[in-house]
Amino acid sequence: MTRQMTGAKMVVQALKDQGVDTVFGYPGGAVLPIYDEIFQQNAIRHILVRHEQGAVHMAEGYARSTGKPGVVLVTSGPGATNAVTGLTDALMDSIPLVVLTGQVPTFMIGSDAFQEADTVGITRPCTKHNWLVKETDQLSGTIHEAFHVATKGRPGPVLIDIPKDVQFANGTYTPPAKADLGHYQPRVKGDPETIAALVEALETAERPIFYTGGGVINSGTRASELLRELVDATGMPITSTLMGLGAYPASGKHWLGMLGMHGLYEANLAMHDCDLMINIGARFDDRITGRIDAFSPKSTKAHIDIDPSSINKVIKTDLPIVGDVTHVLEEMLKLWKQRGSKVNREGLQKWWARIEEWKAVDCLKFKQTGPTIKPQHALARLEALTKDRKDRFICTEVGQHQMWAAQYMGFEDPNHWMTSGGLGTMGYGFPASIGVQIAHPDALVINVAGEASWLMNMQELGTAAQYRLPVKQFILNNERLGMVRQWQELLHGERYSHSWSDALPDFVKLAEAFGAKGIQCSDPADLDDAIMEMINYEGPVVFDCLVEKHENCFPMIPSGEPHNKMLLGEASTKDAIGTKGAVLV
Amino acid sequence: MAPLKIKKGSSKHSAYNLRSNFSDVQERHTLTVMVDNEAGVLARVIGLFSGRGYNIDSLTVAEVDHEGHLSRITIVTTGTPQVIEQIKAQLGRLVPVHDVHDLTVEGATVERELALMRVEGTGEKRVEALRLADIFRANVVDSTLDSFTFQITGTQEKVDAFADLMRPLGMTDIARTGVAALSRAS
């Protein structure tokens, strides 16, 4: 049976048929017909944001915490250009999004019409794929294909640009089952011979390490289960990138903590000295590798990734396996068990003994002394007071607080940690926390923020208040752009060019102005009570935590240095970064 | 905790110096890419090359299957072996791309380019141009009393050689198509 309907109705019907329950958006001239259809139904909930960038980050938070694609609806021109940062963020972190943009009518395209922008042109490099739909008959099929492309293979954001006349015109609706999904069918099964070679290497390795990333999370919860089984059965150490936290539990016996520029001492040294590195769904990012020619010089490297372009992009891989993490781990486990579940016990024992020595350095050690709250202490207390809650989700903005959150908070499950990894988008965390809370209304959603990042999308306080979302904004307020300040201290002769937050608002009054609760805390003695007050309040809270202003984030691998040249604290920072390292970011 | 002592200026390499693990030899490869013939597909391919800093020496594109909406893009590019592999993988993950073949490593190929050249002159120069065209099997496709337009097909090297000869003989204009290539039948 063919069904005739308008393009606008088709959009709503296609979203329903794709199982979409929530759309984050902002209306405007070029999407009015779609908004009119949204008005006349109740199956899809529309969340009105305060800025289109916020809509995209909310959809990212929604997608990361549910594993389902996030959906955004914005208007043409500025609506679309405001979405660009979020799209780029989602592309870098492989987050599935379907973004619908309005466009001027087809007969006005190219005429510099009001609110016209070349949306598909602008978003081509920051989407996995995008479409301009010029005929209503093509619209529903394109939406179904968009969901397919966004979620299959390495996930990513896609965009559909829909001219206003296409929304008004009538056309034939194509249901998902009948849609032509094109030829996009990424390979998910790994090469059996390379998997066998990796299992053999696993059996004999003296100093193995699992290095896992966001690909494990994206592959689904089954991937995390398989990872846990493999790591615990082999007894091998595991570290993870910022994106992969939670795939293996922080309380797990074999957990070394995060690796990379601000990763843990034991994790980075183990990466440097290992003889077998098993990269599962990570991409050898420059925050991870440090200096390339000195990266883990003695190891055989295996790399499991669904995206063939990740393999050999940065680091030469000995055992490349293109495939979905779940499939490959299943095959690996099966084969390893078939062959008798062997490991090099003697080698592993010595390896763990060395790792224990590195752990004994206690690289995250700090002392809370004096009348000012240390940011590490604030997060350690937040962790202690919330870690028992299985429904705790943590988002972050970008900067020192983000690294401290990754260091001092423990993640037990996948999809409970939302942070902007690849793009490093300040202003990500607050809207992301709203997206998470929408998807999990009863959960404890906390955004660990810095005051500078948080101000970048603070208008979303209106969204949080409107939908009575009890998101907790835990702002570590040092009145500085902390990470910028830290680099200026280490690299630019302590000339703190524009890295302080002047003219800050009174965050308590600001929260109250939006109808939210504001809490300020500056005394370490009051901290626990204040945090509990925040958690127990049934509504949005802005927590202004005044912290030590000049605290630096350690450990740190200085730019241009390998893993074994980590800085552990203030005493080791003098002249740590050479002139060559200074040109890096 | 024991501080690590790091000497000033000890970083010898930039973290963006990503090629150190790989060979530095620049290679020239001819890639052929089958794509859906849809709006923006060429922009996607070109944007990929400019956005990631790859070279395009030559690019040829035209629809080859009208019913199947397929176009063939032939790209000649240069880069280290690692960069060439990246280019292929990056092209392969574009959604409208059906397949990518590296003709340079996949055995014998036929590569041809077509060029049109206008050569203006009279007397001995005009006769010499015609004589050389005959040697190169270039055809005269347009003529006035004081000019010829030659059409030549062949490898890029042959077209280059012919253009080098025509320049002193009065070549005023040249148009080249870029390389089209197919693997040889086995």
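Conventions used here
- For every chain, the first residue of its written sequence is number 1, and the numbers climb from 1 along that sequence.
- Chains carry letters and ligands carry numbers; both start at the beginning, A for chains and 1 for ligands, and go up in the order they are written.
- This being a predicted model, a pLDDT of at least 70 is required before a residue's local features are given, and a value of 80 or more before pairs of side-chain atoms are given or counted; all residues contribute to the totals for chains, interfaces and linings.
- Each helix is a run of DSSP H or I of at least 4 residues and each strand a run of E of at least 2, with the numbering of both proceeding from the N terminus.
- Any residue whose C-beta has 12 or fewer other C-beta atoms within 10 Å is treated as exposed, any with 20 or more as buried, and any in between as partly exposed, C-beta atoms being built from the backbone.
- In this description, any two residues whose backbone-derived C-beta atoms lie within 7 Å of each other are considered to be in contact.
- Based on C-alpha atoms, the radius of gyration is set beside the globule rule, defined as 2.2 Å times the residue count to the power 0.38.
- UniProt positions are given in the numbering used here, feature names are shortened, and annotations may be inferred rather than shown by experiment.
- Residue ranges for the domains trace back to a domain assignment, done automatically or taken from a database.
- Between any two strands, pairing holds if DSSP finds at least two bridges.
- A fitted line through C-alpha atoms represents every axis, and for helices the fit uses only the stretch in contact; the resulting angles, taken between N-to-C directions, go from 0 to 180 degrees.
- Here the angle decides the label: under 35 degrees means roughly parallel, over 145 means roughly antiparallel, 65 to 115 means roughly perpendicular, and every other value means oblique.
- Note on convention: the crossing is left-handed when the near helix lies turned anticlockwise from the far helix by less than a right angle, right-handed when the turn is clockwise.
- Three categories are distinguished: nonpolar for Ala, Val, Leu, Ile, Met, Phe, Trp, Tyr, Cys and Pro, charged for Asp, Glu, Lys and Arg, and polar for the others, with Gly belonging to the last.
- Summarising the geometry, the arc corresponds to the directions from the helix axis toward the C-beta atoms.
- Take the buried Ala, Val, Leu, Ile, Met, Phe, Trp, Tyr and Cys residues, join any whose C-beta atoms are within 7 Å, and the set you get is a nonpolar core.

## A few points about the overall build of chain B
In step 1: The helix and strand inventory of chain B stands at 4 helices and 9 strands.
In step 2: Counting every position in chain B, which comprises 186 residues, the buried fraction comes to 23%.
In step 3: Counted over contacts in chain B with a minimum sequence separation of 6, partners at least 24 positions apart contribute 75%.

## Comments concerning the overall build of chain A
In step 1: In terms of helices and strands, chain A carries 24 helices and 20 strands.
In step 2: For 585 residues, the compact-globule estimate of 2.2 N^0.38 gives 25 Å, and chain A sits close to it at 24 Å.
In step 3: In terms of overall dimensions, chain A has C-alpha extents of about 70 × 60 × 45 Å along its principal axes.
In step 4: A total of 585 residues make up chain A; the buried ones form 57% of that total.
In step 5: Across chain A, every contact between residues at least 6 apart in sequence was considered, and the portion connecting residues at least 24 apart equals 76%.

## Re the UniProt feature "domain: Thiamine pyrophosphate enzyme central" (unreviewed entry) in chain A
In step 1: If you check UniProt for "domain: Thiamine pyrophosphate enzyme central" (unreviewed entry), the listed places come out as residues 195–331 of chain A in our numbering.
In step 2: As annotated, residues 195–331 of chain A has a helix share of 36% and a strand share of 20%, and its two end C-alpha atoms lie 8 Å apart.

## Here's the deal with the domain arrangement of chain A
All names here are of chain A.
In step 1: When cut into domains, chain A gives domain 1 (3–178), domain 2 (192–360) and domain 3 (375–546).
In step 2: Distance between the C-alpha centres of domain 1 and domain 3: 30 Å.
In step 3: Counting residues at the interface gives 25 residues for domain 1 and 27 residues for domain 3.
In step 4: Of all elements in the fold, only β2 (22–25), β3 (45–48), α3 (52–66) and α5 (84–92) reach the threshold of two or more residues within the side of domain 1 that touches domain 3.
In step 5: Of the residues forming the side of domain 1 that touches domain 3, the biggest block, 11 residues, is contributed by α3.

## Quick look at the UniProt feature "domain: ACT" (unreviewed entry) in chain B
In step 1: In the numbering adopted here, UniProt assigns the feature "domain: ACT" (unreviewed entry) to residues 30–105 of chain B.
In step 2: Across residues 30–105 of chain B, the secondary structure splits into 30% helix and 41% strand, with the terminal C-alpha atoms separated by 9 Å.

## Examining the environment of A:I143
Residues and elements named next belong to chain A.
In step 1: In this structure, I143 sits in helix α7 (residues 136–151).
In step 2: Judged by the 28 C-beta atoms lying within 10 Å of it, I143 is buried.
In step 3: In this structure, the C-alpha to C-alpha distance between I143 and L159, residues 16 residues apart in sequence, is 9.3 Å.
In step 4: Look past the residues within four positions of I143 in its chain and what remains in contact with it is V11, A14 and I160.

## A few points about the sheet that holds strand β2 (residues 58–65) of chain B
Residue and element names in this part refer to chain B.
In step 1: A sheet is described by the order of its strands in space; here 4 strands give the open sequence β2-β3-β1-β4, paired in antiparallel fashion. If you trace the sheet from one side to the other, it starts and ends with β2 and β4 (97–102), each paired once. Across this sheet, the average inter-strand angle for adjacent strands is 20°, counted without regard to direction.
In step 2: The pairing of strand β1 (residues 27–36) with β4 spans 5 bridges and is antiparallel.

## Regarding the packing of helix α16 (residues 375–386) of chain A against helix α17 (residues 400–408) of chain A
All names here are of chain A.
In step 1: Packing of α16 against α17 brings their axes to within 9 Å, and their N-to-C directions diverge by 45°. One element, α16, and the other, α17, form an angle in the oblique class. Here α16 and α17 pass one another in a crossing that is right-handed. Contacts between α16 and α17 pair P375, Q376, L379, A380 and E383 from the former with Q400, H401, W404, A405 and Y408 from the latter.
In step 2: Class assignment of the residues belonging to the contact of α16 with α17 gives a composition of 6 nonpolar, 3 polar and 1 charged.

## Some words on the domain arrangement of chain B
Residue and element names in this part refer to chain B.
In step 1: Here chain B is partitioned into domain 1 (27–102) and domain 2 (109–183).
In step 2: A C-alpha centroid distance of 28 Å is found between domain 1 and domain 2.
In step 3: Counting from both sides, the interface comprises 7 residues of domain 1 and, opposite them, 7 residues of domain 2.
In step 4: At the level of secondary structure, the elements contributing two or more residues to the side of domain 1 that touches domain 2 comprise β1, β2 and β3 (70–79).

## Points about helix α23 (residues 527–536) of chain A
Residue and element names in this part refer to chain A.
In step 1: By the burial criterion, the buried members of α23 are L527, I531 and M534. All buried residues of α23 lie within an arc of 60° about the axis, which places them on one face of the element. Residues of α23 that are exposed and point over 90 degrees away from its buried face: D529, M532 and N536.
In step 2: Here the buried face of α23 lies against α16, β18 (472–477), β19 (517–521) and β20 (541–546).

## A look at the UniProt feature "domain: Thiamine pyrophosphate enzyme N-terminal TPP-binding" (unreviewed entry) in chain A
In step 1: Here, UniProt's "domain: Thiamine pyrophosphate enzyme N-terminal TPP-binding" (unreviewed entry) annotation points to residues 5–120 of chain A.
In step 2: With 43% helix and 19% strand, residues 5–120 of chain A has its two end C-alpha atoms placed 25 Å apart.

## Overview of the packing of helix α11 (residues 221–234) of chain A against helix α14 (residues 325–338) of chain A
When two helices pack together, their arrangement is captured by the angle between the axes and the distance separating the axes.
Residue and element names in this part refer to chain A.
In step 1: The geometry of α11 relative to α14 is characterised by a closest axis approach of 9 Å and an angle of 30° between their N-to-C directions. Here α11 lies roughly parallel to α14, going by the angle between them. The interaxial crossing formed by α11 with α14 has left-handed handedness. Two secondary-structure elements touch here, α11 through R222, A223, L226, L227, E229 and L230 and α14 through V325, T326, L329, E330, M332 and L333.
In step 2: A class-by-class count of the residues in the contact of α11 with α14 yields 8 nonpolar, 1 polar and 3 charged.

## With respect to the environment of A:V322
Residues and elements named next belong to chain A.
In step 1: Along the polypeptide, V322 turns up in strand β14 (residues 319–322).
In step 2: For the pair V322 and P186, spaced 136 residues apart in the sequence, the C-alpha separation amounts to 9.8 Å.
In step 3: Those residues in contact with V322, other than ones at most four positions away along the chain, are R187, G190, D305, I306, P308 and I311.

## Considering the nonpolar core
In step 1: Counting residues in hydrophobic clusters, the biggest one holds 192 residues, and the most contacted among them are A:A59, A:V72, A:L97 and A:L227.
In step 2: The next biggest cluster of nonpolar side chains, apart from the first, holds 14 residues, and it includes B:V119, B:A138, B:I152 and B:L169.

## A look at the sheet that holds strand β5 (residues 97–103) of chain A
Adjacent strands of a sheet form backbone hydrogen bonds with each other and so pair up, either parallel or antiparallel.
All names here are of chain A.
In step 1: Ordered in space as β3-β2-β4-β5-β7-β6, the 6 strands form an open sheet in which the pairing is parallel. Each having just a single partner strand, β3 and β6 (129–132) make up the two edges of the open sheet. Pairwise comparison of adjacent strand axes, ignoring direction, gives a mean angle of 20° for this sheet.
In step 2: Relative to β5, strand β4 (residues 70–74) runs parallel, the two being bridged by 5 bridges. Opposite V74, over in β5, you have T101 as the bridge partner.
In step 3: Sheet strands touched by α7: β5, β6 and β7 (157–163). Its angle to β7, the strand with the most contacts, is close to 165°.

## Here's the deal with unusual backbone geometry
Residues and elements named next belong to chain A.
In step 1: For the peptide bond that leads from F554 to P555, omega is 0°, which places it in the cis range.
In step 2: One can find P555 in the loop between β20 and α24 (579–582).
In step 3: The residue Q115 is not glycine, and still its phi comes out positive at about 55°.
In step 4: The residue Q115 is located in the loop between β5 and α6 (119–123) in this model.
In step 5: Residue class for Q115 comes out partly exposed when judged on the 16 C-beta atoms lying within 10 Å of it.
In step 6: Residue S296 is not a glycine yet carries a positive backbone phi of 35°.
In step 7: Note that S296 resides in the loop between α13 (286–289) and β13 (300–305).

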